Amino acid sequence: MTTQTDGLLIVGEELCEKLVGRQQAFDAVQDVFAAMARGGAWNFPVIREALGYADALYGFKSGFDRDGKVLGVKSGGYWPGNAEHGLTNHQSTVFLFDPDTGRLSALVGGNYLTAVRTAASSAISIAHLARKDAKVLGMVGAGHQSAFQLRAAAEQRDFEKVVAWNPHPDMLPRLAAVADEIGLEFEAVSQQELGAQADVIITITSAFEPLLLKDWIKPGTHLACMGTDTKGKMEVDPSLVAAASVFTDEVAQSVTIGEAQHAATDGSITAEAITPIGAVINGDHSGRTSDTEITLFDGTGVGLQDLAVASVAARLADEAGLAQRATL
Ligand code: NAD
């Protein structure tokens, strides 16, 4: 428990980038997914509202990790006009509270952490569900998140090549530069060719229509569908979701705002058929059962992921004496 004299820690974006690397994010998110699956951590209902101002979407994602003693909320959203002002469109801040007293204990910048925790989520799915001999990584999407996704995924298997497709092809060279930096061959391909070559596919776009069809995907592929986090969005054919073994961060979100929402609505998948990835992490579910099974991770993004990485940032900043302190 923090004491009355501890004060409030303030951990800015630069410090988060400096302190929280991919491995720390992977470990923190994996631990909280495991806690969620055994009932030791839970998310609260998400609020997300159109402000009717600046075209912005604003909301809250919160939860409590009783096992890890982390309580808090991420608040923020999407301001589409920000890029014109040289700012990131997605803006967020994490507020952490002492679960023993309810006192605000830390304010942590959430922009970098959102990217690194989202990349950790798909990386965890690859670590647990992709075939061990996966060699080709398919990337659908080339926006802000995609580079984080690529870097984290590349560490999970002995990949040799990246094949990529994006609805806006002019964005692909930036992703190609990341692949080059980490020593992976890069090829821009059609959607069909991507499905034919890739052993693991990450989708990270803002699509509202399927970008990949079921028949384009090879048996044994692992997909991490990461872009669909709102009602109405869709990245892959619902019949692909129905045909796959589906895993997720949180089942309730998967069938309402995640990639499985469409297959759930048309009745081709039920919530009971979807497995929390935490159950695989905990060893309560065997995960992939054959080299031909198509596994699909529906990464909807939960508040507990944000709190987990923010808590790491606050702890490391405190230990290093780098955080600002304030009193409310
Ligand atoms: P971005 O704006 O930087 O990039 C958007 C990507 O989507 C680009 O690849 C772009 O070409 C593509 N795109 C844009 N409009 C499209 C359309 N109408 N149809 C198909 N594709 C379109 O965004 P980003 O920060 O890279 O985020 C990508 C997506 O991931 C967003 O939808 C975001 O909401 C989602 N996201 C999910 C999580 C999660 O935890 N699951 C976390 C963060 C972001």
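Everything below is about the structure shown above.
Residues numbered from 1 in each chain as written. Predicted model: local features only at pLDDT ≥ 70, side-chain atom pairs only at ≥ 80, totals over all residues. Heavy atoms only, no water.

Attention now moves to the site of the ligand. Among the 23 residues in the neighbourhood of the ligand, the closest are listed as Arg117, His144, Asn166, His168 and Lys233. Separating a nitrogen atom of the ligand from a backbone N or O atom of methionine 226 is a distance of 2.8 Å. At 2.7 Å, a side-chain N or O of lysine 233 approaches an oxygen atom of the ligand. In isolation the ligand has 850 Å² of accessible area, and contact with the protein removes 81% of it. Grouping the constituent residues of the shell around the ligand by class yields six nonpolar, 14 polar and three charged. (Near = heavy atom within 4 Å. Polar contact = N/O pair within 3.5 Å; in protein donor to acceptor, adjacent residues only side chain to side chain. Areas by Shrake-Rupley, 256 points an atom, 1.4 Å probe, with all protein chains shown as cover. Nonpolar A, V, L, I, M, F, W, Y, C, P; charged D, E, K, R; others polar.)

Another aspect to go through is the side chain of glutamate 259. Relative to the elements of secondary structure, glutamate 259 occurs in the loop between helix H8 (251-254) and helix H9 (261-265). Within the buried set, glutamate 259 has no salt-bridge partner at all; the shortest N-O distance to an opposite charge, 9.2 Å, is to lysine 233. Within the structure, glutamate 259 has its side chain in polar contact with the side chain of threonine 228 (distance 2.6 Å). One polar contact links the side chain of glutamate 259 to the main-chain amide nitrogen of valine 236, over a distance of 3.0 Å. (Helix = DSSP H or I, 4+ residues; strand = E, 2+ residues; numbered from the N terminus. Buried < 20%, exposed > 50% of the residue type's maximum accessible area, 1.4 Å probe, protein only. Lys, Arg positive; Asp, Glu negative; His and termini not counted. Salt bridge = Lys/Arg side-chain N within 4 Å of Asp/Glu carboxyl O.)

Packing of helix H2 (residues 22-37) against helix H3 (residues 111-129) brings their axes to within 8 Å, and their N-to-C directions diverge by 70°. With respect to H3, the element H2 is oriented roughly perpendicular. Each of Arg22, Ala25, Phe26, Val29, Gln30 and Phe33 in H2 lies in contact with H3, whose residues at this interface are Val116, Arg117, Ala120, Ser121, Ala123, Ile124, Ala127 and His128. (Axes fitted to C-alpha atoms, helices over the stretch in contact; angles between N-to-C directions. Parallel < 35°, antiparallel > 145°, perpendicular 65-115°, else oblique. Contact = heavy atoms within 4.5 Å.)

In total, this model carries twelve salt bridges according to the counting rule given. For the salt bridge of lysine 218 with aspartate 199, the shortest nitrogen-to-oxygen distance reads 2.9 Å. Highlighted residues: lysine 218 in the loop between strand S12 (208-212) and strand S13 (222-225) and aspartate 199 in the loop between helix H6 (191-197) and strand S11 (200-203), separated in sequence by 19 residues. Look at lysine 218 and you get partly exposed, because its relative accessible area is 26%. Connected via shared salt-bridge partners are Arg131, Asp133, Asp199 and Lys218.

Moving on, we get to the packing of helix H4 (residues 144-154) against helix H5 (residues 172-181). For the pair H4 and H5, interaxial distance at closest approach is 10 Å and the crossing angle is 20°. Considering their axes alone, H4 and H5 lie roughly parallel with respect to each other. Classified by chirality, the crossing of H5 by H4 is right-handed. Across from His144, Ser146, Ala147, Leu150 and Arg151 in H4, the residues of H5 making contact are Arg174, Leu175, Val178, Ala179 and Glu181. Residues belonging to the contact of H4 with H5 are distributed by class as follows: five nonpolar, two polar and three charged. (Left-handed = near helix turned anticlockwise from the far one by under 90°.)

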